[in-house]
Amino acid sequence: MTLTIDTLNPESRPRPSQTAVEKKSLIGLTREELAAELAAIGVPERQIGMRVRQLWHWLYVRGISSFAQMSNVSKDLRAKLEEHYSITRPEIVEELISTDGTRKWLLRFPARGAGRPVEVETVYIPDEGRGTLCISSQVGCTLTCSFCHTGTQRMVRNLTAGEILEQLLMARDRLGDFPDADTPDGAIVPAEGRKVTNIVMMGMGEPLYNFENVKKALLIASDGDGLSLSKRRITLSTSGVVPEIYRTGKEIGVMLAISLHAVRDELRNELVPINKKYPLAELMEACRNYPGLSNAKRITFEYVMLKGVNDSLDDARELVRLLKGIPAKINLIPFNPWPGSKYECSDWEQIEKFADFINRAGYASPIRTPRGRDILAACGQLKSQSERMRKSDRLQLEAMMIAGHGE
């Protein structure tokens, strides 16, 4: 196995200055909030609408990270913006590149208030004709799902709307996915097309336990005058925070994914403990009532395949019964190993039998190809560098993969 690591030279890392840390970020603010900030620094009321449009264009179409690049904004206003605000990116602590092209970034955000700097991981998965960015919504996680590496890290705090968006802006920076700031106004995407075509809220944390910030970030990401990602290309994954599921469809309007993983309450209570609060019957009812649900806007149910735990044909039969009447597809996810886990991935033959049964029942059930396993970037493997994996654990992971998968 070859592990390609591109760790940025500490001297060349983009580090926000101490003064930048103390400034309020404009990234993640609504147009109304931007207008209020401009009024607060003395921009005449008659100019505010125009200035908001200019800022929005520079931040989300051009992707600039310095006020000095705003060539159609007066020098005086640029100086005021620089004095009071920040539009910098998070620090890239480490960048890992998998043998399959998947990239994982460890990002450090500055301290807020009396808190400390925090770290999260963001993953980019390239594929033919598309590129998917997996974004984190929290630092750590409260859900303690027993098969998930992220769930072993304590919850630190929610990410702000700006910090959620900055993961997208950083990835587009690193991938060359923003136009050159000096190109003519018409050239708003790279000549070869976008690298990031889809985003999934499937990184660290439970997005619906950070609803307002996630909502704000995704509405900005899907704004047609800025980053302009279609809501059909944005998927929010939840472990089942039932009260917020309807709000997600009504107020955000993105695609929904449910981390299901078990078809009986007793087992799901163990695998996904939030099930004790919102059991399967309540979760399925919330899914049936998801706004806009149709064959063209199906719910994705994620189902990690655990050997001898949830992978029998009886489980497949109950899964079909459970989803009856819900336009859905089922993503079967081969379990991704991590040091210390008590689970094993189902045998490939069993996964295929499980998928065939569901397909014959009329549900699409693609088997997700594991991506980025060699850099712990696959589903369920994210964990921030504040709990950095020891070298011995990396060697253990490689040995597990070589023994179990021939990779």
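Rules of the game
- Residues numbered from 1 in each chain as written.
- Predicted model: local features only at pLDDT ≥ 70, side-chain atom pairs only at ≥ 80, totals over all residues.
- Heavy atoms only, no water.
- Helix = DSSP H or I, 4+ residues; strand = E, 2+ residues; numbered from the N terminus.
- Buried < 20%, exposed > 50% of the residue type's maximum accessible area, 1.4 Å probe, protein only.
- Polar contact = N/O pair within 3.5 Å; in protein donor to acceptor, adjacent residues only side chain to side chain.
- Expected span 1.5 Å × (residues − 1).
- Arc of directions from axis to C-beta.
- Contact = heavy atoms within 4.5 Å.
- Pairing = 2+ DSSP bridges.
- Salt bridge = Lys/Arg side-chain N within 4 Å of Asp/Glu carboxyl O.
- Axes fitted to C-alpha atoms, helices over the stretch in contact; angles between N-to-C directions.
- Parallel < 35°, antiparallel > 145°, perpendicular 65-115°, else oblique.
- Left-handed = near helix turned anticlockwise from the far one by under 90°.
- Phe/Tyr/Trp six-rings, centres within 6.5 Å; stacked < 30°, edge-to-face > 60°.

1. A word on the side chain of Glu163
Okay, step 1: Summarising the element assignment, Glu163 is placed in helix α5 (residues 161-174).
Okay, step 2: On the accessibility criterion, Glu163 (6% relative accessible area) is buried.
Okay, step 3: A distance of 2.9 Å separates a polar atom in the side chain of Glu163 from a polar atom in the side chain of Arg157.

2. So, helix α11 (residues 348-360)
Okay, step 1: With 13 residues, α11 ought to run about 18 Å at 1.5 Å a step, and its terminal C-alpha atoms sit 18 Å apart, in line with that.
Okay, step 2: Those residues of α11 not exposed but buried are Ile351, Phe354, Ala355, Phe357 and Ile358. One side of α11 carries all its buried residues, which in axial view fall inside an arc of 160°. Turned more than 90 degrees away from the buried face of α11, the exposed residues are Glu349 and Arg360.
Okay, step 3: On the buried face of α11, the contacting elements are β13 (299-305), α10 (313-322) and β14 (328-334).
Okay, step 4: Gly362 sits one or two residues past α11 and shows a positive phi near 100°.

3. Examining the pairing of strand β6 (residues 118-127)
Along a regular strand, successive side chains alternate from one face of the sheet to the other.
Okay, step 1: Within β6, 7 of the 10 residues are buried, which leaves it mostly tucked inside the rest of the structure.
Okay, step 2: In this structure, the hairpin formed by β6 and strand β7 (residues 130-134) is closed by a connection of 2 residues, where Gly129 is found at a positive phi of approximately 80°.

4. Focus: the pattern of salt bridges
Two side chains of opposite charge can pair, provided their charged atoms sit close to one another.
Okay, step 1: In the structure shown here, the tally under the stated rule is 23 salt bridges.
Okay, step 2: Residue Lys307 is joined to Asp347 by a salt bridge in which the shortest nitrogen-to-oxygen separation is 3.5 Å. Of this pair, Lys307 sits in the loop between β13 and α10 while Asp347 sits in the loop between β14 and α11; the two residues are 40 residues apart in sequence, bridging distant segments of the chain.
Okay, step 3: Taking the shortest distance from any N to any O, the salt bridge between Asp314 and Arg317 comes out at 2.7 Å. Here the residue Asp314 and the residue Arg317 both occupy positions in helix α10, the gap between them amounting to 3 residues, near one helical turn.
Okay, step 4: Using a relative accessible area of 48% as the deciding quantity, one classes Asp314 as partly exposed.
Okay, step 5: Residue class for Arg317 comes out partly exposed when judged on its relative accessible area of 44%.
Okay, step 6: A network of salt bridges, in which partner residues are shared, links Glu212, Lys215, Glu244, Arg247 and Glu251.

5. Points about the packing of helix α6 (residues 211-221) against helix α7 (residues 242-252)
Okay, step 1: Taken N-terminus to C-terminus, the directions of α6 and α7 make an angle of 25°; their axes are 11 Å apart at the nearest point. It follows from the interaxial angle that α6 and α7 lie roughly parallel. For the crossing formed where α6 meets α7, the hand is right-handed. Judged by residue contacts, Phe211, Glu212, Lys215, Leu218 and Leu219 of α6 engage Glu244, Arg247, Thr248, Glu251 and Ile252 from α7.

6. Comments concerning the environment of Lys216
Okay, step 1: Mapped onto the elements of the fold, Lys216 is located in helix α6.
Okay, step 2: Remark: the alpha-carbon pair of Lys216 and Thr30, spanning 186 residues in sequence, is separated by 7.7 Å.
Okay, step 3: Those residues in contact with Lys216 that sit more than four places away from it in its chain are Gly28, Leu29, Thr30, Glu33 and Ala161.

7. Brief notes about the packing of aromatic side chains
Okay, step 1: As enumerated under the stated definition, the model contains 3 aromatic pairs in all.
Okay, step 2: Their ring planes at 70° and their centres at 4.9 Å tell us that Trp56 and Tyr60 sit as a pair that is edge-to-face. Separated by 4 residues within a single helix, Trp56 and Tyr60 lie in helix α3 (residues 45-62), roughly one turn from each other.
Okay, step 3: Taking relative accessible area as the criterion, Trp56 reaches 4% and is therefore assigned buried.
Okay, step 4: Residue classification places Tyr60 among the buried residues on the basis of a relative accessible area of 1%.

8. Digging into the pairing of strand β11 (residues 234-238)
Okay, step 1: Along β11, 5 of the 5 residues are buried, which leaves the element largely enclosed by surrounding structure.
Okay, step 2: The alternating pattern of β11 places Ile234, Leu236 and Thr238 and Thr235 and Ser237 on opposite faces, both of which are buried.
Okay, step 3: With 3 bridges connecting them, strand β10 (residues 198-201) and β11 associate as parallel partners. Looking at the pairing, Val200 lines up with Thr235 of β11.

9. Details of α10
Okay, step 1: Within the sequence span of α10, burial applies to Asp315, Ala316, Glu318, Leu319, Val320 and Leu322.
Okay, step 2: Turning to α10, the residues buried within the fold contact α9 (280-288), β13, β14 and α11.

10. Brief notes about unusual backbone geometry
Okay, step 1: One non-glycine residue with positive phi stands out, namely Ser228, at about 60°.
Okay, step 2: Tracing the chain through its elements places Ser228 in the loop between α6 and β11.
Okay, step 3: What makes Ser228 partly exposed here is its relative accessible area of 34%.
Okay, step 4: You will see that His261, though not glycine, has its phi angle at about 70°, which is positive.
Okay, step 5: As for its placement among the helices and strands, His261 is situated in the loop between β12 (255-259) and α8 (265-271).

11. Regarding the side chain of Ser346
Okay, step 1: Turning to its location among the elements, Ser346 is positioned in the loop between β14 and α11.
Okay, step 2: Only 2.9 Å separates the side chain of Ser346 from the side chain of Asp311, close enough to count as a polar contact.
Okay, step 3: Setting aside chain neighbours within four positions, we find Ser346 in contact with Met305, Leu306, Lys307, Asp311 and Ile351.

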